[in-house]
Amino acid sequence: MKLSFAPMEGISTYIYRRLHARFFGGVEEYYAPFIAPDGKGNYKASARRDILPENNRDIRLIPQLLVNRPEPFISVARELAAMGYSEVNLNVGCPSATVVAKHKGAGMLMDPEGLDACLNEIFSRSPLRISIKTRMGMESTEEFPRILEIYRKYPLSRLIIHARARSGMYKSAVDISAFISALDGCPWPVWYNGDIFSPSSSGMAGLLRDNAAGLMLGRGAVADPALPRLLKGGPALEAEELKAFHDALLSAYLEAGYSPGAAIARLKELWFYMLHKFPDSRRESKQLLKAREFEDYKAAVSALFSGGKFSPESYFSQ
Ligand SMILES: Cc1cc2nc3c(=O)[nH]c(=O)nc-3n(C[C@H](O)[C@H](O)[C@H](O)COP(=O)(O)O)c2cc1C
């Protein structure tokens, strides 16, 4: 079973990806969090740093674009091609209200004709192969056959389906049967995404393994960075390796020039997920999330790991 690491804005930075690959690996590729260029194709220096080849040497990275017009897509795709990339991913899934209001991300699904026109142009002009990461509709997964009809006109390198409509945000039940039904109509490899949190949430994975080209892991792999390895039959996460991974991340953020406060803020975003490996540690968790000073934070992390409450079998749940 092929696995990939989902784009996770604010979480799966180049620093995170590099260390995840070094400590755990198990995924074929990592998707970079979205780049959101303006109309002229300009975008933030931090997003550029995130996809620079020298910062992504040991992994296979697929950059992602959040755009709804061809010009900025083509402009950034040319730049990516010059950097040596061969594939770019289009984000048709972001559910955030501000993004959707601009008809970007999942908001592109509000206007199927506009989506079609945009795809028509980017597929005819892109120097790179294009994959799409999509929701199954705005309000309901029943919208998907119409959307798929549009995608089918184009030579996607692959389609990644997050098996929810935008209205479900990250919470509603994933619609496995809509995903399976969609597969028949897809001429390209189709990857599944949504709620793979543990080997048993892959009760559905049995079904998916036989049907999907691969599984994209998001929150489940952030909560348990050994999840890819585990899904491939390897050993469960150990507290010591999680601690070593955490410490390496903290050092790497500081070395990259983050202030201690900014590095702690990055790591707290991870703890939102990783604390699921420490059931029944409310007091330690609270202390960790409250810590602002570097020394307090380090003490809180030590207290968490020495509290004896790490559980390899405890997984992310929402
Ligand atoms: C904090 C956060 C950041 C995300 N950033 C991105 C992003 O940059 N691009 C994208 O396509 N999806 C993004 N997603 C969506 C994930 O890639 C994934 O589709 C979603 O979390 C569902 O998969 P999961 O249930 O395995 O987490 C993000 C999700 C979260 C929770």
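Draft legend 1. View of the overall build of the protein chain. Counting its secondary structure elements, the protein chain contains 14 helices and eight strands. Each principal axis of the C-alpha distribution contributes one length, and for the protein chain these read about 55 × 40 × 35 Å. In the protein chain, buried positions account for 57% of the 318 residues. Across the protein chain, every contact between residues at least 6 apart in sequence was considered, and the portion connecting residues at least 24 apart equals 73%.

Draft legend 2. Representation of the side chain of Thr13. Looking at the element boundaries, Thr13 is found in the loop between strand E1 (2-5) and helix H1 (14-23). Among residues more than four places away in sequence, those in contact with Thr13 are Asp50, Tyr253 and Arg266.

Draft legend 3. Quick peek at the site of the ligand. Near the ligand you find 18 residues, and of these Pro7, Gln64, Asn193, Asp195 and Arg219 are the closest. Taking Lys133, its side chain carries an N or O atom lying 2.8 Å from an oxygen atom of the ligand. Measuring from an oxygen atom of the ligand, one finds a side-chain N or O atom of Asn193 at 2.6 Å. For the ligand, the protein covers 91% of the area, taking 610 Å² as the surface of the free molecule. Class assignment for the residues of the shell around the ligand results in eight nonpolar, six polar and four charged.

Draft legend 4. Broad picture of the nonpolar core. Core analysis: the largest hydrophobic core is formed by 110 residues, its most contacted members being Phe73, Leu119, Tyr151, Leu159, Tyr192 and Trp271. With eight residues, the top contributor of residues to this core is helix H11 (residues 239-255). Not counting residues within four places of it along the chain, the set of residues in contact with Trp271 comprises His246, Phe278, Leu288, Leu289, Tyr297, Val301, Leu304 and Phe305.

Draft legend 5. Expanded view of the environment of Pro53. For Pro53, the position within the fold is in the loop between helix H2 (45-51) and strand E3 (61-65). In contact with Pro53, not counting residues within four places along its chain, are Met83 and Tyr85.

Draft legend 6. Structural view of the packing of helix H3 (residues 70-83) against helix H5 (residues 112-125). Remark: H3 packs on H5, axes separated minimally by 9 Å, with the N-to-C direction vectors making an angle of 25°. As summarised for this structure, H3 and H5 are arranged roughly parallel, according to the angle between their axes. Of the two possible hands of crossing, H3 and H5 adopt the one that is right-handed. For the pair H3 and H5, the contacting residues are Pro70, Glu71, Phe73, Ile74 and Arg78 in the first and Cys118, Glu121, Ile122 and Arg125 in the second. Looking at the contact of H3 with H5 residue by residue, the classes come out as five nonpolar, no polar and four charged.

Draft legend 7. Geometry of the pattern of salt bridges. One pass over the structure, following the stated rule, counts 19 salt bridges. Note that Glu29 is salt-bridged to Arg158, the shortest N-O span being 3.0 Å. Of this pair, Glu29 sits in strand E2 (residues 29-35) while Arg158 is found in the loop between helix H6 (144-151) and strand E6 (159-162), placing the two residues 129 residues apart along the sequence. Here Lys243 ties to Asp247 by a salt bridge, and the two come within 2.8 Å at their closest N and O atoms. In this pair, Lys243 and Asp247 are both assigned in helix H11, four residues apart and thus about one turn of the helix distant. On the basis of relative accessible area, Lys243 is assigned to the partly exposed category, the value being 25%. We classify Asp247 as partly exposed; its relative accessible area is 30%. Each of Glu29, Arg60, Glu87, Arg129 and Arg158 takes part in one network of salt bridges that share partners.

Draft legend 8. Spatial organisation of the domain arrangement of the protein chain. On domain assignment, one finds that the protein chain holds domain 1 (2-231) and domain 2 (239-306). With centres defined by C-alpha atoms, the gap from domain 1 to domain 2 works out at 28 Å. Listed per partner, the contact involves 16 residues of domain 1 and 16 residues of domain 2. With both sides pooled, the region where domain 1 packs onto domain 2 buries about 1,500 Å², and carbon together with sulfur makes up 74% of that total. Viewed at the interface, domain 2 and domain 1 are joined by two salt bridges. Joining domain 1 to domain 2, the criterion identifies four residue pairs in polar contact (both at pLDDT 80 or more).

Criteria and cut-off values
- Within each chain, residue numbers correspond to sequence positions counted from 1 in written order.
- Confidence filtering applies because this is a predicted model: local features only for residues at pLDDT of at least 70, side-chain atom pairs given and counted only at 80 or more, and all residues used for totals across whole chains, interfaces and linings.
- The side-chain values count all of the structure's non-hydrogen atoms but skip hydrogen atoms and water molecules.
- A run of DSSP states H or I qualifies as a helix once it reaches four residues; a run of E qualifies as a strand once it reaches two. Both are numbered from the N-terminal end.
- Relative accessibility under 20% of the residue-type maximum defines a buried residue, over 50% an exposed one, and the middle range a partly exposed one, all with a 1.4 Å probe and only protein chains included.
- Any two residues having at least one pair of non-hydrogen atoms within 4.5 Å are treated as being in contact.
- One heavy atom suffices: a residue is near a molecule or strand as soon as one of its heavy atoms comes within 4 Å of it.
- Residues adjacent in sequence count toward polar contacts only when both atoms are side-chain atoms; beyond that, a polar contact is any pair of N or O atoms within 3.5 Å, and within protein one must be able to donate a hydrogen and the other to accept it.
- Where accessible areas are quoted, they stem from the Shrake-Rupley method and a 1.4 Å probe; at the residue level, only the protein chains shown are allowed to cover.
- Gly falls in the polar group here, along with every residue not listed as nonpolar (Ala, Val, Leu, Ile, Met, Phe, Trp, Tyr, Cys, Pro) or charged (Asp, Glu, Lys, Arg).
- We define the nonpolar core as a collection of buried residues of types Ala, Val, Leu, Ile, Met, Phe, Trp, Tyr and Cys that are connected through side-chain atoms lying within 4.5 Å of one another.
- Axis definition: a line fit to C-alpha positions, over the contact stretch in the case of helices; interaxial angles, taken between N-to-C directions, run 0 to 180 degrees.
- Should an angle fall under 35 degrees it is called roughly parallel, over 145 degrees roughly antiparallel, and 65 to 115 degrees roughly perpendicular, with every other angle called oblique.
- Crossings are sorted by hand: turned counterclockwise from the far helix by less than a right angle, the near helix makes the crossing left-handed, and turned clockwise it makes it right-handed.
- Each salt bridge in this description consists of a side-chain nitrogen of Lys or Arg and a carboxyl oxygen of Asp or Glu lying within 4 Å of one another.
- For the purposes of this description, domain bounds are those given by an automatic or database domain assignment.
- Buried area, as used here, totals the accessible surface that two parts lose on assembly, with accessibility defined by a 1.4 Å probe and the loss added over both.

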